[in-house]
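A look at the structure
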Amino acid sequence: MALLVQKYGGTSVGSVERIRAVARRVADTRADGHDVVVVVSAMGHSTDELMAQALAISPEPPQRELDMLLATGEQVSIALLAMALQAEGVPAVSMTGPQVGIVTESTHGRARILEVRTERLQRRLQEGQVVVVAGFQGTSAGSGGTPEITTLGRGGSDTSAVALAAALGAEACEIYTDVPGVLTTDPRKVPDAQLMEQVSCDEMLELASLGAAVLHPRAVEIARNYAVPLVVRSSWTAGAGTRLFSRSGRRVGREGLELGKPVDGAELLEHQAVLALAHVPDHPGMAARLFEALSSEGLSVDLIVQATHEGNSNDIAFTLDAADLPRAEAVCRALLGDAGELRAEAGLAKLSIAGAGILGRPGVAARLFDSLGRVGISLRMIATSEVRVSCLIQGDQGDKALRTAAQTFELEEHQLHHNPAPGGVGEPEVRGVALDNGQAQLTVTNVPDRPGSAAQLCRVLADAGLSLDTIVQSERRRQTAAGPCRDIAFTLPRADRERARAALQPLLQHWGEAVLSEGPAIARVSAVGAGMPATAGTAARMFRALADGGVNIEMIATSEIRISCVVAEADGIPALRAVHGAFGLGGQQRHRAEGTEAPQG
Ligand code: ADP
Ligand code: ASP
Ligand code: MG
C-alpha cells in the first residue's frame with residue numbers, strides 16, 4: 001500500500017466539527033487503500049493565543065519556556081483527531097514530535113530538523129494504524145544536546161509534514177489548507193487571485209520568502225532537495241490543488257535532513273556592463289519610462305537596483321550584456337536630457353551561487369562575500385534571494401571568483417557553469433505576486449568603498465542570526481574624511497531591526513563616518529516567475545503598472561526570477577493589485593480563505 005502524508009492546518013482543525021470532517025477525509029483516503037500519516041497544526045488561532053498569554057507575562061519570554069508552551073497547541077489537536085478517527089472506526093494513534101523521533105537542533109523557536117527516527121512510527125503503520133503527528137515540534141534529544149522540546153518556527157507544521165514524507169519515502173505529501181491551493185497571490189488581499197495548477201519549487205521558495213504564507217519556505221526546501229512530491233489542496237473541496245515540481249534530483253544521504261548544503265551550483269556570466277544613473281528625478285513613472293524605452297529598443301536588462309534618496313532624486317543602476325551598452329547608453333541619455341548623471345562601465349562579470357534556503361541561512365551570502373573579499377575581489381552590485389545570490393565584479397576577476405565560490409561551497413566541476421543560456425524558456429514571466437508588510441528599510445551611509453565592506457556588514461548581521469534582504473549598494477561614491485564611501489540600503493524583518501542596530505554598532509564605529517538610519521514604514525511588492533530571464537521587458541511592465549496606479553517606488557531590487565519594489569506602506573495593497581492585474585493573473589473565479597469574511601475590494 002502506498003503511503004501518504006497529509007497535513008491539516010489550523011483552520012482545517014479549528015473546531016470539533018472540522019476535526020470530524022478531517023477524520024472522515026482521512027478515513028476515505030485509507031479506504032482507497034493508502035497508509036496514512038497525518039500531521040496537524042494547533043486548532044484555529046490557538047498558537048497566537050498562547051503567544052499572547054506569554055507576552056502578557058513577559059515582553060521577552062524565555063525561548064525554552066515558550067517552546068514548552070507553544071508545543072501544547074498541537075498536542076490538543078492530535079489527541080482529538082485520533083479520537084475522531086477511532087470514532088469513525090479507523091485505528092489511530094497520536095504522537096508528539098519527540099515520540100515520533102523528530103530530532104532537531106537545540107535552537108529553541110527555529111530549530112532545524114536533523115533526522116526523523118521512523119522506527120516507532122513504521123511499527124504503528126505496520127499494525128494498520130493511522131499515525132497522527134503533532135506538527136511544528138521536535139526534540140533535541142539525540143542531537144548531542146539535552147533532551148528538550150523544540151519548535152521549528154511559526155508555520156512550521158508544513159516542514160514537519162514534508163520532512164516526515166522525505167524520511168518515510170512517502171508517495172506524496174499533501175498540504176490541506178483553507179484555500180484551494182497556491183494562488184497567484186493572497187486571496188485575502190486580491191479577490192480575483194487564481195489557482196495555479198503547478199509551480200516550481202524555486203518559484204514557490206521565492207514567493208514563500210517574499211510573503212506568500214501558504215507554505216513554510218523550509219517545507220519547500222525539503223521537497224526540492226529530497227524530491228518529495230508536494231501538493232497543496234483545500235480541506236473543504238475535492239479539487240486537485242497545486243502541484244509543486246522541481247528539476248533538481250534526489251539527494252543521497254538523509255543525515256542532517258535540513259542541514260544539507262544550501263548551495264548546489266555557481267555560475268559566471270561574462271561580458272556584462274553596468275549603467276548607473278544618479279540624481280534621477282524621483283516621481284512616479286520614472287523607472288517605467290526608462291525601462292520601457294530600453295525594452296522598446298529590444299534591450300534586455302538583467303539586475304536592477306534603485307535606492308538612495310538624496311533630496312528628491314534616485315540612483316538607478318542596471319546590468320546588461322556589454323554588447324548592448326552603447327545603445328542602452330544612448331537611450332538613457334535621450335531620456336535623461338540634462339537631468340541626472342550617467343556612468344557606463346563595461347568589462348564586468350556576474351557571479352551567482354544558486355541553491356535553496358539562502359535567505360533562511362544568513363551565513364550563506366556572508367560566506368560568499370567574505371571569501372571574495374579575502375581574495376581582493378570588490379563587489380559592484382549585489383542581488384540576494386531565497387534561491388540565488390549574485391554579484392557584479394571586475395571581468396578579469398571572474399575565473400578567480402568562480403573558483404573561490406566553488407571552494408567555499410565545496411562544489412564539484414559539474415556544478416559550475418560558464419556563460420549559461422538564460423533559463424526559463426517557455427515558462428511564465430510572472431507566475432505569482434506577493435506582498436510583505438513586515439519589513440523595515442535601513443540604510444548605512446558612508447560605507448568605505450573597499451573590498452570586503454559589504455561582506456563585513458552581512459557577516460555581523462549573519463553572526464547575529466539576521467538575514468538581510470533586498471540589499472542595494474549605491475553606485476554613487478562620496479568623498480569623506482574616511483576616504484571614498486558608498487551607501488548600502490537593505491530591508492529586513494521589522495521585528496529584527498533592534499537586533500540589527502545593536503549588531504551593527506561596533507562596525508559603524510570602526511568605519512568612522514558610517515551612519516545607520518531607518519526609512520519610513522514600507523511594504524514590499526514582488527513578482528516571481530521562472531520565465532523572467534527569458535522574457536524582455538518584465539521589469540518595465542511591473543514599473544508601468546505601479547506608475548499607472550500612482551505608486552512611487554522607493555527601492556528596487558531584482559534577482560533572476562524575481563523583482564521586488566519597496567513602496568510606502570499605505571500603497572502596499574493597491575500596488576499588489578496593480579501588478580497582479582498587469583500580468584493578467586486575475587480571473588473570473590473568486591477564491592477566499594474558509595472561515596474568513598469575503599475580501600474587500
Ligand atoms: P494553515 O493554517 O492551513 O497552515 P496558513 O494561514 O498558514 O494556513 O496559509 C494559508 C493562507 O495563506 C491563506 O488563507 C491565504 O490567506 C494565505 N496566502 C498568502 N499568499 C497566498 C497564495 N499565494 N496562495 C494561497 N494562499 C496564500
Ligand atoms: N501552530 C503553529 C503556528 O501557528 C505551526 C503551524 O500552524 O504550522 O505557527
Ligand atoms: Mg501554515
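Up top is the structure.
The rules behind these values
- Residues numbered from 1 in each chain as written.
- Chains lettered and ligands numbered in written order.
- Predicted model: local features only at pLDDT ≥ 70, side-chain atom pairs only at ≥ 80, totals over all residues.
- Heavy atoms only, no water.
- Phe/Tyr/Trp six-rings, centres within 6.5 Å; stacked < 30°, edge-to-face > 60°.
- Helix = DSSP H or I, 4+ residues; strand = E, 2+ residues; numbered from the N terminus.
- Buried < 20%, exposed > 50% of the residue type's maximum accessible area, 1.4 Å probe, protein only.
- Axes fitted to C-alpha atoms, helices over the stretch in contact; angles between N-to-C directions.
- Parallel < 35°, antiparallel > 145°, perpendicular 65-115°, else oblique.
- Left-handed = near helix turned anticlockwise from the far one by under 90°.
- Contact = heavy atoms within 4.5 Å.
- Nonpolar A, V, L, I, M, F, W, Y, C, P; charged D, E, K, R; others polar.

What about the packing of aromatic side chains?
- Enumeration according to the criterion identifies 3 aromatic pairs in this entry.
- Aromatic pair Y8 and Y176: ring centres 4.8 Å apart, planes at 10°, arrangement stacked. Residue Y8 is located in strand β1 (residues 3-8), and its partner Y176 is located in strand β9 (residues 172-177); the two are separated by 168 residues in the primary sequence.
- Pairing F291 with F318 gives two aromatic rings, centres 5.3 Å apart and planes at 70°, and the pair type is edge-to-face. With a gap of 27 residues between them, F291 in helix α9 (residues 286-296) and F318 in strand β15 (residues 313-321) connect regions that are remote in the sequence. One exposure class covers both F291 and F318, and it is buried.
- Taken together through their ring pairs, the aromatic side chains of F291, F318 and F543 make up a single cluster.

Some words on the packing of helix α2 (residues 46-57) against helix α3 (residues 63-87)
- Here α2 crosses α3 at 150°, and the two axes come no closer than 9 Å. As the angle between them shows, α2 and α3 are arranged roughly antiparallel. Of the two possible hands of crossing, α2 and α3 adopt the one that is right-handed. Residues T47, L50, M51 and A54 of α2 touch α3, and the partners they reach there are L66, L69, L70, T72 and G73.
- Residue composition of the contact of α2 with α3, by class: 6 nonpolar, 3 polar and no charged.

Structural notes on the packing of helix α6 (residues 157-168) against helix α8 (residues 217-225)
- In the contact formed by α6 and α8, the axes pass within 7 Å of each other and the chain directions differ by 15°. It follows from the interaxial angle that α6 and α8 lie roughly parallel. In this structure, α6 crosses over α8, and the sense of that crossing is left-handed. Contact residues: α6 offers D158, T159, V162, A163 and A166, while α8 offers R218, A219, I222 and A223.
- When grouped by side-chain class, the residues that make up the contact of α6 with α8 number 6 nonpolar, 1 polar and 2 charged.

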